[in-house]
Amino acid sequence: MFIVVLRFTDHKAAAGEYMAAHAAWIKQGVADGVFLLAGSLQPGLGGVPLAHNSTAEQLRQRVEEDPFVAEKIVDVEILEVAPGLTDERLAFLQVVQAG
């Protein structure tokens, strides 16, 4: 799974102009089964989608399509997490080790 950290840059003031397109990008990620959730990074620092069902390269390509990224409204950090222990409700995220 991946944690995508979208931190506002000095261009944050332009966010309103691209908010509808950014929201549509998030909704498409959920509809595609890639984003598990998305929320605001508090206090007003940006946002964080949690992703799965994607390779790192596919996710990077998807993130580059976010209007906030394309317009440099946010900087991106993608963290890959290999869950080893989860609540049973999140067991589908666990990585099965080969061998």
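My aim in this report is to walk through the structure given alongside it, one point at a time. Owing to the predicted nature of the structure, the values given are computational and were not obtained by experimental measurement.

Parameters and conventions
- Residues numbered from 1 in each chain as written.
- Predicted model: local features only at pLDDT ≥ 70, side-chain atom pairs only at ≥ 80, totals over all residues.
- Heavy atoms only, no water.
- Helix = DSSP H or I, 4+ residues; strand = E, 2+ residues; numbered from the N terminus.
- Buried < 20%, exposed > 50% of the residue type's maximum accessible area, 1.4 Å probe, protein only.
- Contact = heavy atoms within 4.5 Å.
- Lys, Arg positive; Asp, Glu negative; His and termini not counted.
- Charge placed at Lys NZ, Arg CZ, Asp CG, Glu CD.
- Pairing = 2+ DSSP bridges.
- Axes fitted to C-alpha atoms, helices over the stretch in contact; angles between N-to-C directions.
- Expected span 1.5 Å × (residues − 1).
- Bend = angle between axes of the 7 residues up to and from the residue.
- Core = buried A, V, L, I, M, F, W, Y, C linked by side-chain atoms within 4.5 Å.
- 1 Å grid on protein atoms, 1.4 Å probe; cavity = no way out; pocket = protein on both sides within 12 Å on 5 of 7 lines; lining within 4 Å.
- Points joined across faces, edges and corners; volume = space filled by probe spheres on them.
- Nonpolar A, V, L, I, M, F, W, Y, C, P; charged D, E, K, R; others polar.

**Thoughts on the overall build of the protein**
(1) Moving on: For the protein, the count of helices and strands is three helices and four strands.
(2) Moving on: Projecting the C-alpha coordinates of the protein onto the three principal axes gives extents of approximately 50 × 25 × 20 Å.
(3) Moving on: Relative to its 99 residues, the protein shows a buried fraction of 32%.
(4) Moving on: Partitioning the intrachain contacts of the protein with sequence separation of at least 6 by distance along the chain shows that 67% fall at a separation of at least 24.
(5) Moving on: Charge separation in the protein, taken as the distance between the mean sites of 7 positive and 13 negative side-chain charges, equals 4 Å.

**Concerning the sheet that holds strand 1 (residues 2-8)**
(1) Moving on: Spatial ordering of the open sheet is given by 2-3-1-4, a layout of four strands whose pairing is antiparallel. The open sheet has two edge strands, strand 2 (35-41) and strand 4 (74-80), and neither has a second partner. Pairs of neighbouring strands in the sheet enclose a mean axial angle of 15°, with direction left out of account.
(2) Moving on: In the packing of helix 1 (residues 15-31) onto the sheet, contacts are made with strand 1, strand 2 and strand 3 (46-51), and the angle to strand 2 comes to roughly 155°.

**Remarks on helix 1**
(1) Moving on: Look at helix 1: 23 Å from first C-alpha to last across 17 residues, which is about the 24 Å you get at 1.5 Å a residue.
(2) Moving on: Along helix 1, the sharpest change in direction is near 30° and occurs at A21.
(3) Moving on: G33 lies just past helix 1 and shows a positive phi near 80°.

**A look at the nonpolar core**
(1) Moving on: Among the nonpolar cores identified, the biggest contains 15 residues, and L6, W25, F35, A51, L59, V63 and V74 are the most heavily contacted of them.
(2) Moving on: Only strand 1, helix 1, helix 2 (56-64) and helix 3 (67-70) provide two or more residues apiece to this core.

**A few points about the layout of surface pockets**
One way to see where empty space is left: roll a probe the size of a water molecule over the atoms.
(1) Moving on: What the largest pocket holds in volume is close to 210 Å³.
(2) Moving on: Around the largest pocket sit 14 residues that line it, and H22, G39, S40, G46 and G47 are the ones nearest its centre.
(3) Moving on: Among the elements that take part in the lining of the largest pocket, strand 3 stands out by supplying four residues, more than any other.
(4) Moving on: Here the lining of the largest pocket is composed, by residue class, of nine nonpolar, five polar and no charged.

**Comments concerning the pairing of strand 1**
(1) Moving on: Here strand 1 pairs with strand 3 via four bridges, running antiparallel. Each residue of the ladder has a partner; that of R7, found in strand 3, is G46.
(2) Moving on: As paired elements, strand 1 and strand 4 share seven bridges and run antiparallel to each other. Counterpart to V4 in the pairing with strand 4 is I78.

The values reported here are purely geometric and, on their own, carry no functional implication.
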